[in-house]
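Summary of structural features
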Amino acid sequence: MSLKIIDKLHRAESEGRCLWSFEYFPPKTAAGVENLFARMERMWSLAPAFIDVTWGAGGSTAELTLDICTVALSALGLNVCMHLTCTNMPRTELDKALAHCKEVGIRNILALRGDPPRGQDRWEATEGGLNYSIDLVKYIREKHGDWFCIAVAGYPEGHLDNPDKEDDLRRLKDKVDAGADFIVSQMFYDCDLFIDWVKRCRAIGINCPILPGIMPIHTYNGFIRMTSLSQTKVPDFIYKDLDPIKDDDELVKAYGVNLAAQMCTRLKEEGDILFFHFYTMNLEKSVRLILEKLEWVAPLEESRPLPWIPSLASKRQNEAIRPVYWKNRTRSYIARTAENDEFVNGRWSSSASPAFGDVDGYGGVFFKHSKEQARAVWGLPRTVADLANVFVGYCQGTVKFLPWSEQPLAGESMLIRDDLALLNKLGYLTINSQPPVNGVPSSHPVHGWGPKNGYCFQKMYIEFFLSPELFDALVAHLAEVDPDGVITYHAVQRKGENVRFNDPDPESANALTWGVFPGKEIVQPTVTDLAAFMAWYPEAFELFDSWANVYDKGSEERKLVEGVAGEWWLVNVVNNDFTAPKDKLIEVLKGAARRLEEQKVAAA
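Quick notes on the rules
Residues numbered from 1 in each chain as written. Predicted model: local features only at pLDDT ≥ 70, side-chain atom pairs only at ≥ 80, totals over all residues. Heavy atoms only, no water. UniProt positions renumbered as here; feature names shortened; annotations may be inferred. Helix = DSSP H or I, 4+ residues; strand = E, 2+ residues; numbered from the N terminus. Polar contact = N/O pair within 3.5 Å; in protein donor to acceptor, adjacent residues only side chain to side chain. Axes fitted to C-alpha atoms, helices over the stretch in contact; angles between N-to-C directions. Parallel < 35°, antiparallel > 145°, perpendicular 65-115°, else oblique. Contact = heavy atoms within 4.5 Å. Nonpolar A, V, L, I, M, F, W, Y, C, P; charged D, E, K, R; others polar. Patch = residues over 30% accessible without salt bridge, like charges linked within 9 Å, V, L, I, M, F, W, Y side chains within 5 Å. Areas by Shrake-Rupley, 256 points an atom, 1.4 Å probe, with all protein chains shown as cover. Salt bridge = Lys/Arg side-chain N within 4 Å of Asp/Glu carboxyl O. Buried < 20%, exposed > 50% of the residue type's maximum accessible area, 1.4 Å probe, protein only. Expected span 1.5 Å × (residues − 1). Pairing = 2+ DSSP bridges. Phe/Tyr/Trp six-rings, centres within 6.5 Å; stacked < 30°, edge-to-face > 60°. Lys, Arg positive; Asp, Glu negative; His and termini not counted. Charge placed at Lys NZ, Arg CZ, Asp CG, Glu CD. Core = buried A, V, L, I, M, F, W, Y, C linked by side-chain atoms within 4.5 Å.

- Under an unreviewed UniProt entry, the name given to the protein chain is Methylenetetrahydrofolate reductase-domain-containing protein, and the source organism is Catenaria anguillulae PL171.
- Among the UniProt annotations of the protein chain, the heading Cofactor (unreviewed entry) holds the following wording: "FAD".
- The UniProt entry for the protein chain carries the following text under Pathway (unreviewed entry): "One-carbon metabolism; tetrahydrofolate interconversion."

Notes on the environment of Asp243
- Counting through the fold element by element, Asp243 comes out in the loop between α9 (236-242) and α10 (249-271).
- Along the backbone, Asp243 and Tyr220 are 23 residues apart, and their C-alpha atoms lie at a distance of 8.9 Å.
- There is a polar contact of 3.3 Å between the side chain of Asp243 and the side chain of Lys246.

Observations regarding the packing of helix α19 (residues 530-548) against helix α20 (residues 556-567)
- Running from amino to carboxyl end, α19 crosses α20 at an angle of 175°, the nearest separation of the two axes being 9 Å. The orientation of α19 relative to α20 falls into the category roughly antiparallel. Facing α19, whose interface residues are Phe541, Phe544, Trp547 and Ala548, α20 presents Arg558, Val561, Glu562, Val564 and Ala565.
- When its residues are assigned to classes, the contact of α19 with α20 shows 7 nonpolar, no polar and 2 charged.

Quick word on a nonpolar patch on the surface
- A cluster of nonpolar residues, Phe25, Met226, Met281 and Leu283, forms a patch on the protein surface that exposes about 290 Å² of accessible area.
- The class of Met281 is partly exposed, set by a relative accessible area of 31%.

A closer look at α10
- Compared with an ideal rise of 1.5 Å per residue, which puts 23 residues at 33 Å, α10 spans 31 Å between its outermost C-alpha atoms and is within 8% of the ideal.
- Those residues of α10 not exposed but buried are Val252, Tyr255, Gly256, Val257, Leu259, Ala260, Ala261, Met263, Cys264 and Leu267.
- Where α10 is buried, its residues meet α7 (191-203), β7 (210-214), α8 (220-229), α9, β8 (275-279) and α11 (285-294).
- The backbone nitrogen of Glu250 lies 3.1 Å from a side-chain oxygen of the residue at the head of α10, namely Asp248.
- Phi for Asp272, located one or two positions after α10, is positive at around 55°.

Points about the sheet that holds strand β11 (residues 437-441)
- Spatially, 5 strands are ordered β9-β17-β16-β12-β11 in an open sheet, and the strand pairing comes out mixed. Edge positions in the sheet fall to β9 (322-323) and β11, since each of these pairs with one other strand and no more.
- With 4 bridges joining them, β11 and strand β12 (residues 455-458) adopt antiparallel strand pairing. Following the sheet pairing, Val440 is matched in β12 by Cys456.

Considerations on the pairing of strand β16 (residues 510-516)
- Counting buried positions along β16 yields 6 of 7 residues, so the element is predominantly enclosed.
- Strand direction decides the pairing type here: β12 and β16, joined by 4 bridges, are antiparallel. Residue Phe457 lies in a different strand from β16, and its bridge partner there is Trp514.
- Counting the residues that bridge the hairpin from β16 to strand β17 (residues 523-528) gives 6 residues, and of these Gly519 lies at a positive phi of roughly 70°.

Remarks on the packing of aromatic side chains
- In this structure the tally under the stated criterion is 27 aromatic pairs.
- Measuring from ring centre to ring centre gives 5.8 Å for Trp378 and Phe401, while their planes differ by 70°; the resulting arrangement is edge-to-face. Taken together, the positions of Trp378 in helix α14 (residues 371-378) and Phe401 in the loop between α15 (384-396) and α16 (411-414) put the pair 23 residues apart, joining distant regions of the chain.
- The exposure class of Trp378 is buried, given its relative accessible area of 3%.
- The interplanar angle of 20° and the centroid separation of 4.1 Å between the aromatic rings of Phe471 and Trp569 together place this pair among those described as stacked. Taken together, the residues Phe471 in helix α18 (residues 468-481) and Trp569 in strand β18 (residues 569-575) connect sequence positions 98 residues apart. Across the pair, Trp569 and Phe471 agree in class, each one buried.

Section: a negative patch on the surface
- A grouping of Asp247, Asp248, Asp249 and Glu250 is seen on the molecular surface, where their side chains present a negatively charged patch.
- Locating Asp249 in the fold gives a position in helix α10.

Thoughts on the pairing of β17
- Extensive coverage of β17 is indicated by the burial of 5 of its 6 residues.
- Direction of pairing for β9 relative to β17: parallel, over a ladder of 2 bridges. Across the sheet, residue Arg322 finds its bridge partner in β17, namely Thr526.
- As judged from the 4 bridges shared by β16 and β17, these two strands associate in the antiparallel manner.

Brief notes about the pattern of salt bridges
- Following the criterion strictly, the structure yields 23 salt bridges and no others.
- As a salt-bridge pair, Arg170 and Asp167 come within 3.6 Å of each other at their nearest N and O atoms. Taken as a pair, Arg170 and Asp167 lie in helix α6 (residues 165-177) at a separation of 3 residues, close to a single helical turn.
- Given the relative accessible area of 45%, Arg170 is considered partly exposed.
- Residue class for Asp167 comes out buried when judged on its relative accessible area of 19%.
- Each of the salt bridges in this network shares a partner with another, and the network as a whole consists of Arg39, Arg42 and Glu284.

Points about the nonpolar core
- Ranked by internal contacts, the top residues of the largest apolar core, which has 110 residues, are Phe22, Met40, Leu84, Phe182, Tyr189 and Phe278.
- Here this core takes 9 residues from α10, the largest share from any one element.
- Not counting residues up to four positions away in its chain, the partners in contact with Phe22 are Met43, Leu46, Pro48, Phe50, Ile51, Asp52, His277, Phe278, Thr280, Val287 and Leu291.
- Judged by nonpolar contacts, the second largest core, of 43 residues, contains Tyr333, Phe465, Leu512 and Leu543.

Details of unusual backbone geometry
- Of note in the backbone geometry, Ala47 takes a positive phi value of approximately 60° without being a glycine.
- Mapped onto the elements, Ala47 comes out in the loop between α2 (30-43) and β2 (50-53).
- The exposure class assigned to Ala47 is buried, which follows from its relative accessible area of 14%.
- One non-glycine residue, Gln231, lies in the positive phi region at around 55°.
- Along the chain, Gln231 falls in the loop between α8 and α9.
- Overall, Gln231 belongs to the exposed group, its relative accessible area being 57%.

Set out below in structure tokens:
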């Protein structure tokens, strides 16, 4: 369940620390929505206090806004504030939207009158609807008490529809008095004007938090168009600074970053402002660079409370264990287990459960790039060596994505990227991994997670596909060099008929990651076990289909990928000695590959 934003603001204010938040809007295409989810997931690491999603002009994106907010909350673990407008929204539709929010755990609403519906110059209330944002604030409070945290918009330069600035200020106070918890301002570029407006707000008794809306300049033409439409006052020095560089997009973007950082610094120092709301325009780089310039970093327990992204959905808010297999596919895991309320040591009772409905967490579509884009990245593999080189490229950063991971190699796996690249050359097509960690501080920039003053541990883990011949060599080599079974494995082929493991207690969950923190029991957030592995393997193999489908039916490339998927084994290996160096497990895998080569030479 999302947290009430006002509680986070009050806590940060009492501690004297800054918070920041991001606004997004619903894209116009399905591909754009998927790209937005990927961007949100990356920007999660910037630790926004919340994100908000706009409702769309005239209520045009209402359903999509609800969907995006739900996914952001449940699968991406982002604290969500949903815009809600009066436009084209009779009370029955408002009730449905608010009921949906309560059901999924969205506790924050930005209440707005909204823009006129498309095709209309003037705003008019819909039949059975509300007239103004204050009516919406009152309606939410009347129907739902204090369950929701409610935000409202503020206009430092006055609302365009109200030429009387003092009256506009009084109307803002009326909204706060009616139950609004905090205010988010319209964008502005004149810091003097904003600071004076905040003082005027305080003078008439508006005492709630006020968040300045910061809009980084991305392009010159976009900046001119946006400020002209909203009639935003722009200080002369900005026009003078931009004029010589207006035709250079990179310089304009860099200027926008510097300007926004300077504005935030001034508002903090001269206006006593601690909370900042960034209008991202669904873009990532500028906001990230602004936060880096300001050296704003959230406490680790807020930015990384667990080594994976926790869900904030109502039914999952206390979830603290997750099988390792979905490490790179958070949304798939959430979709598979959305209806499953009973977790036993992080496992599920049956892979036949209705919780495992859709194979893919993206709604049944495996891959979000066009065939042309995928071919450009993966090439035209004709041999197993060609296929392995794609995985090698992913480890080395030249291949940007694989079906099993839309994101580049994770930070901790970067520490073993050369080892992973070598294993792929030897025939282990790696799709998941983590290095060993023995008691690093929870503040560690790569391996750290959880509350401060703790220590983090993890076992080395690698998951891969490999040929039947190499699998037999690996099993034989493990029996010879590791007779005590310190290294355990699970293995299965696509049809599921052949399942192999050396786990002495396959029904027990094996903790791969754990943390020791002051005043808490040992936390074990990442596990592996046979039941979860068997729930995962169909998805792992079917992701090969997304690769095969990139190529024409009957082509050599398609036959190769389908052949590997149909014959090879999916295997995970764990070195349960977390004190051992990473080279221990790597050498075992290399030894099995050498064993196979020696067998081939002997047979020849």
